[in-house]
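The lines below spell out each chain.
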Amino acid sequence: MSASLKRKSVIVTGGSKGIGKGIARVFAGHGAKVLIVARHLNEAEAAARELSSGGATVGAFAADVTRLSDMEAMAKAAVDRHGGLDVLCANAGIFPQAKIEEMSPESWDDVMNTNLKGAFLSVKACVPYLKQSNQPRIVMTSSITGPVTGYPGWTHYGATKAGQLGFMRTACIELAKYGITVNAVMPGNIVTEGLQGLGEAYLNTMAASIPLKRLGSVDDIGHAAAFLASREAAYITGQTIIVDGGQVQPESLEALASA
Ligand code: NAP
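Just so you know, the residues in each chain are numbered from 1, in the order the chain's sequence is written. In keeping with the model being predicted, local features are shown solely for residues with a pLDDT of at least 70 and side-chain atom pairs are shown and tallied solely at 80 or more, while totals for entire chains, interfaces and linings include all residues. Excluding hydrogens and water, the side-chain figures rest on all heavy atoms present in the structure.

J.: I'd like a description of the overall build of the chain, backed by residues and values.
T.: Runs of E in the DSSP output that reach at least two residues are strands. Runs of H or I that reach at least four are helices, and both are numbered from the N terminus. Counting its secondary structure elements, the chain contains 10 helices and 7 strands. With C-alpha atoms as the basis for the radius of gyration, the globule rule is written as 2.2 Å multiplied by the number of residues raised to the power 0.38. Since a compact globule built from 259 residues should have a radius of gyration of about 18 Å, the 18 Å found for the chain is in line with a globular shape. Principal-axis analysis of the C-alpha atoms gives the chain an extent of 55 × 40 × 40 Å. Burial here depends on accessible area, computed with a 1.4 Å probe over protein chains only, as a share of the maximum for the residue type. Under 20% is buried, over 50% is exposed, and the range in between is partly exposed. Across the 259 residues of the chain, 49% fall into the buried class. Throughout, a residue-residue contact means that at least one pair of heavy atoms, one from each residue, lies within 4.5 Å. Restricting the contact set of the chain to residue pairs at least 6 apart, pairs at least 24 apart contribute 74%. Here the chain contributes 23 positive and 22 negative side-chain charges, whose respective centroids are spaced 10 Å apart. This count recognises Lys and Arg as positive and Asp and Glu as negative, with His and chain-terminal groups excluded. For this purpose, a charge sits on NZ of Lys, CZ of Arg, CG of Asp or CD of Glu.

Here it is as structure tokens:
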């Protein structure tokens, strides 16, 4: 798997921190050339510096996934800097919490625009270049929240994460003629910089509800994304991999406790 990602040109939207940075780190570790994309250039550059310290080729680019012109500039930058484009990891996302009764229409639109329209725009901008690759891949970061589970305050977020899978199931058919595969990783609860700030007691309580008794790492998601981008995954398209330590499996608290 490592060998098939060597020197591949990879874009990771939302790669400056959290899961995206984990995805970028894993691809860089496999010898891929990675372009980290986020709105804040300083944070993207800091992540690129950190991930390239061992000699990997990792660059940064400032772009907003809600703007098609930004996505087109991003795709062109990857091609100009890295000689082509092989993999798009459509990962950028936001998750403000608000229950229906308090949620503003503007907040709903923000989440839709970033998570769902942003994924579409990044794919649309990258397809012309992916068509020229001999191992073209799109890997989306969905979630268990929405497609499988629910969480108060995240109706808008859950709708976008389920919507991404609906997008994927038609995109994989449309793009199959170019050899482009489109798949999604569905993370459970993953430890990111943001989650760490909630404190150890909170993290321990969350871990207790997971059969493997730990939260996921950002690299756990990176490894699943790297597999879906590998040569070995060439015949997999329109599929999802849940990476959640078994979190969605217990049918009740009793099922978890009686193990
Ligand atoms: P995070 O730590 O908050 O990082 C979000 C990243 O997305 C940052 O790089 C951010 O950079 C970028 N971003 C946000 N809005 C953007 C925009 N409009 N254009 C370009 N980049 C943008 O988030 P995370 O927890 O790693 O989540 C990453 C993805 O995983 C999301 O799609 C999320 O839904 C999914 N996910 C996360 C978890 C979890 O447990 N953390 C679980 C399931 C799914 P800028 O702010 O500089 O733009």
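Having seen it, we continue.
J.: A description of the packing of helix 2 (residues 18-29) against helix 9 (residues 218-229) should follow, citing residues and the corresponding values.
T.: Under this scheme, a helix contributes an axis fitted over its contacting stretch, all axes are lines through C-alpha atoms, and angles between N-to-C directions fall in the 0 to 180 degree range. Where helix 2 meets helix 9, the closest approach of the two axes is 7 Å, and the angle between their N-to-C directions is 55 degrees. Relative to helix 9, helix 2 is oriented oblique. Between helix 2 and helix 9 the crossing geometry is right-handed. Contact residues: helix 2 offers Gly18, Ile19, Gly22, Ile23, Arg25, Val26 and Phe27, while helix 9 offers Val218, Asp219, Ile221, Gly222, His223, Ala225, Ala226 and Ala229. Orientation labels follow simple angle bins: below 35 degrees gives roughly parallel, above 145 gives roughly antiparallel, 65 to 115 gives roughly perpendicular, and whatever is left gives oblique. Crossing handedness is defined as follows: a turn of the near helix away from the far one that is anticlockwise and smaller than a right angle gives a left-handed crossing, while the clockwise case is right-handed.

J.: Which residues make up helix 2, and what are the values?
T.: Here, expected helix span is obtained from the residue count minus one, scaled by 1.5 Å. Taking 1.5 Å of rise per residue, the 12 residues of helix 2 would be expected to cover 16 Å, and the 17 Å separating its terminal C-alpha atoms lies within 8% of that figure. Summarising burial for helix 2: 10 of the 12 residues are buried, a large majority. Listed in full, the buried residues belonging to helix 2 are Gly18, Ile19, Gly20, Lys21, Gly22, Ile23, Ala24, Val26, Phe27 and Ala28. Among the residues trailing helix 2, glycine 31 stands out with phi positive, at a value near 90 degrees.

Purely spatial values, then, with no claim about function.
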